[in-house]
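Chains, contacts and geometry: an overview
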Amino acid sequence: MSSLRRGWRALTWYVTGVLGESDYQRYVAHLRRVHPDAAVPTVREFWRDRYAAQDANPGARCC
Amino acid sequence: MRSPEHVELVRNDPDLPPVAVIDRRPMTTGKKLIFAAIGVVAAVAWALVAFVRGESVNGAYFVVAAVGTYVVAYRFYARLIEYKVVRPRDDRATPGEEHENGQDYAPTDRRVLFGHHFAAIAGAGPLVGPVLAAQMGYLPGTIWIIIGAVLAGCVQDYLVLWLSTRRRGRSLGQMIRDEMGSIGGAAGLIGVFVIMIIILAVLALVVVNALAESPWGVFSVGMTIPIALFMGVYLRYIRPGRVSEVSIIGVVLLVLAIVAGGWVADTPWGAETFTLEPVTVAWLIVGYGFLASVLPVWLLLAPRDYLSTFMKVGTIILLAVGVIVAQPAVQAPAISSFAIEGNGPAFAGSLFPFLFITIACGALSGFHALISSGTTPKLVEKESQLRLIGYGGMLTESFVAIMALVTAISIDQHLYFTLNAPATLTGGEPGSAADYVNGLGLAGPPVTGQEIQAAADSVGEESIVSRTGGAPTLAFGMAQILGSFLGGSAMTAFWYHFAIMFEALFILTTVDAGTRVARFMLSDTLGNLGGPLKKFRDPSWRVGAWICSIVVCGLWGAILLMGVTDPLGGINTLFPLFGIANQLLAAMALALVTVVVVKKGYLKWAWIPAVPLLWDLAVTMTASYQKIFSPEPSLGYWAQHNAFREARAAGETSFGTAADPAAMDAVIRNTFLQGTLSIVFAVLVLVVALVALWVCVKAIRAGGLPTTEEPDAKSATFAPSGLISSDAEKEVAAQWTAYYEENPDKLRTGTHA
């Protein structure tokens, strides 16, 4: 049972990593460590800024 | 701690655990035996693929030969490149660590980054190219997809990734300018833009050919747009940040859309509404490209990208399982007569150079150089991981290409050519198509018109005659393979449309992202011209965004419409241009890499990028030469152009496959444009190659030259190099874990083993 749970956790860790879902946690961890005084954005704010950045600086997809 | 012989631990700070493990331990006997065994198995599989004749060859041999070769190449050749050229230094901070901002610069676990990078490089190219190349038989394609990837494609991806990682993640165009001066840089920039346009046009043409006259396909692919919009709104207003949740909802809706497509296409109303002419589909795609370029990313582009990633990985796994479980028998010959005589219906030209042009992305893809410079370098944790991500990522792509090839060569040869010969040859009807393919002298029993129609019915399509472009062929093959063990004949039509759906999804994702990137390139270039155009530099200026989007969509849309209405059958005239463009981009990237390797003084190892560069130049220049100068009208654009002009001047009202004067004028126009583009591509790449040669000579004379590599910054973190951590790496990682437990304020993300 515990190995099943571990496997599930590894899978979700991987999928959320590849899709970028865990980027918010990563950003918050970064802020806490490097800029502990900075205001931490909410999830909603983070994703708005994220897509705004993508709007201004698009990445290519391959053929 | 235990520090075995040949393992060196590098510290940058005496108070911190080591930041790098330099492991020079020789291979253990056990490992040597394992690699020897893998090598032997791969060699046996190669021998079976190459020499077994008469009896049908099993599709699974190809998978074994490929995987065995990849393992050996990754362990030995990629290692050689690492030792002699890349010389990674893990005590140096990567851009991700040095400039970490938690967003675009962020050290990311190597396994996650591998998935990320692979999702960015994998697209429809490695699926479509091998399918078309199957007209030459299975052997040439197999050899090039595997050997080409090992010696050329992976080398390019790995080394461009390395260059960009040592330059703060700068883009390919910028690096060409920095290392080769402004002339090379300008040629590179224009080249990238023109190539982008032609790639978008040809990929869109593949989608048009897959969706035209297919109500099922149009409905289910069209539904992806409302699904994406729903996902975008969900992510913005309902549950922000729940990316995997919304992706799963999206995939379920997508599967429903495929099933519903079958019902809709069965109703008279649905069949009438969604049966569209090719030209209509083309206009819809141009309109879609424009919308995607001007709408905000969160609404359409981002959610489509999530869907695309999910479908990409899922379908590739499904296809791999399918090939291994179903083990389809190969129907194609080892080498067909078209390879030698160069008169194939899917694309013209003989094996050299056109096989290499056609396979393109599966073995060597210039487009990857754009991905490898930019995003991925800003996310990598350690230089020693570049081998896994760059070289390993491209090996995976080559594997996808091999599976696409196996799928195509396991289709009945008569049906394969029914699908892939242009309508001007097949006549567009099952009966005439049967006559045509039976006259090709293919192996196997002749086919009848009824059998062709039955094949179309089995996948729920009106017709499978002249569905060129590769996507319908791949979908047809996949439907047969997957249907053979998942759901049987009842599910074949579902699997066909599933495959069409994911190919269209890939391509439309490339089209919308590519249009956006091209739009930004255009507005940057205009803005840099100065004067009143300066305004274009401001990305939030909506008018500028609209103007540039219209120009970009207009450019690729014009080429797309030209291909759709081409009396000669769009794919076989345009696909070579796509392949040449892609391979020329690879030549630019490899030229850059060679220049840097020579500048750094690694002259002895310059052959590692120089051999694929010279090969690629030989292929592309021969192909360009033939496309420009060949007197054979089916091959040379200008020969075709002149033949039609002369016929028109002589007052003829029909000529060759053009039935009326308007069609003749269309051919004259199209061939002029295609011929001109061929010349432009060839000249741009020759400029880059000559500048590269000049810089190399200068560097050799001077005994090496400075490069624009960023100065060292000291790393203060650790991460393992390979997919699986070694014992020494695990020990160091444990030290870091203990260190972070004592100093929780220092904790960084992405430092686990």
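Just so it is clear, the structure is predicted and the values come from calculations on it, not from any experiment.

1. Digging into the overall build of chain B
Counting its regular elements, chain B contains 28 helices and two strands. Since a compact globule built from 753 residues should have a radius of gyration of about 27 Å, the 26 Å found for chain B is in line with a globular shape. Across its three principal directions, the C-alpha atoms of chain B cover 85 × 65 × 55 Å. Long-range contacts, defined here as pairs at least 24 residues apart, represent 80% of the contacts in chain B between residues at least 6 apart.

2. A word on the interface of chain A and chain B
With 28 residues of chain A at the contact, the number on the chain B side is 49 residues. Broken down by secondary-structure element, the contributors of at least two residues to the side of chain A that touches chain B are helix H1 (2-19), helix H2 (23-34) and helix H3 (43-56) of chain A. Residues belonging to the side of chain A that touches chain B are distributed by class as follows: 16 nonpolar, six polar and six charged.

3. Concerning the confidence of the model for chain B
Residues with a pLDDT of 70 or more make up 98% of chain B, whose mean pLDDT is 93. Model confidence for the complex: the whole-complex pTM is 0.95, and ipTM, which rates the interface, is 0.96.

4. Describing helix H5 (residues 125-133) of chain B
Counting buried positions along H5 of chain B gives nine out of nine residues, so the element sits mostly inside the fold. Taken residue by residue, H5 of chain B has Gly125, Pro126, Leu127, Val128, Gly129, Pro130, Val131, Leu132 and Ala133 of chain B as its buried positions.

5. Observations concerning the nonpolar core
Nonpolar side chains tend toward joint burial in soluble globular proteins. Residue and element names in this part refer to chain B. Core analysis: the biggest nonpolar cluster contains 249 residues, and Ile198 and Ala204 have the highest contact counts within it. It is helix H7 (residues 172-211) that contributes the most residues to this core, 23 residues altogether. Apart from residues no more than four positions distant in its own chain, Ile198 is found in contact with Ile559, Leu577, Phe578, Ala581 and Leu677. Counting eight residues, the second largest nonpolar core, distinct from the first, contains Val19, Val21, Ala719 and Val732.

6. Digging into the packing of helix H19 (residues 430-438) of chain B against helix H20 (residues 449-458) of chain B
All names here are of chain B. Packing of H19 against H20 brings their axes to within 8 Å, and their N-to-C directions diverge by 115°. When the axes of H19 and H20 are compared, the pair comes out roughly perpendicular. H19 and H20 meet at a crossing whose hand is right-handed. Residues Pro430, Gly431, Ala433 and Ala434 of H19 touch H20, and the partners they reach there are Gly449, Ile452 and Gln453.

7. Remarks on the packing of helix H6 (residues 138-165) of chain B against helix H24 (residues 570-599) of chain B
All names here are of chain B. The interhelical angle for the contact between H6 and H24, taken along N-to-C directions, is 55°, at an axis separation of 10 Å. On the basis of their axis angle, the class for H6 and H24 is oblique. In this structure, H6 meets H24 at a crossing whose hand is left-handed. Residues Gln156, Leu159, Val160 and Leu163 of H6 lie in contact with H24, whose contacting residues are Ala586, Ala589, Leu590, Val593 and Val596. Here the contact of H6 with H24 is built from residues that sort into eight nonpolar, one polar and no charged.

Procedures and definitions
- Residues numbered from 1 in each chain as written.
- Chains lettered and ligands numbered in written order.
- Predicted model: local features only at pLDDT ≥ 70, side-chain atom pairs only at ≥ 80, totals over all residues.
- Helix = DSSP H or I, 4+ residues; strand = E, 2+ residues; numbered from the N terminus.
- Rg over C-alpha atoms; globule rule 2.2 N^0.38 Å.
- Contact = placed C-beta atoms within 7 Å.
- Nonpolar A, V, L, I, M, F, W, Y, C, P; charged D, E, K, R; others polar.
- pLDDT = per-residue confidence, 0-100.
- Buried ≥ 20, exposed ≤ 12 C-beta atoms within 10 Å, placed from the backbone.
- Core = buried A, V, L, I, M, F, W, Y, C linked by C-beta atoms within 7 Å.
- Axes fitted to C-alpha atoms, helices over the stretch in contact; angles between N-to-C directions.
- Parallel < 35°, antiparallel > 145°, perpendicular 65-115°, else oblique.
- Left-handed = near helix turned anticlockwise from the far one by under 90°.

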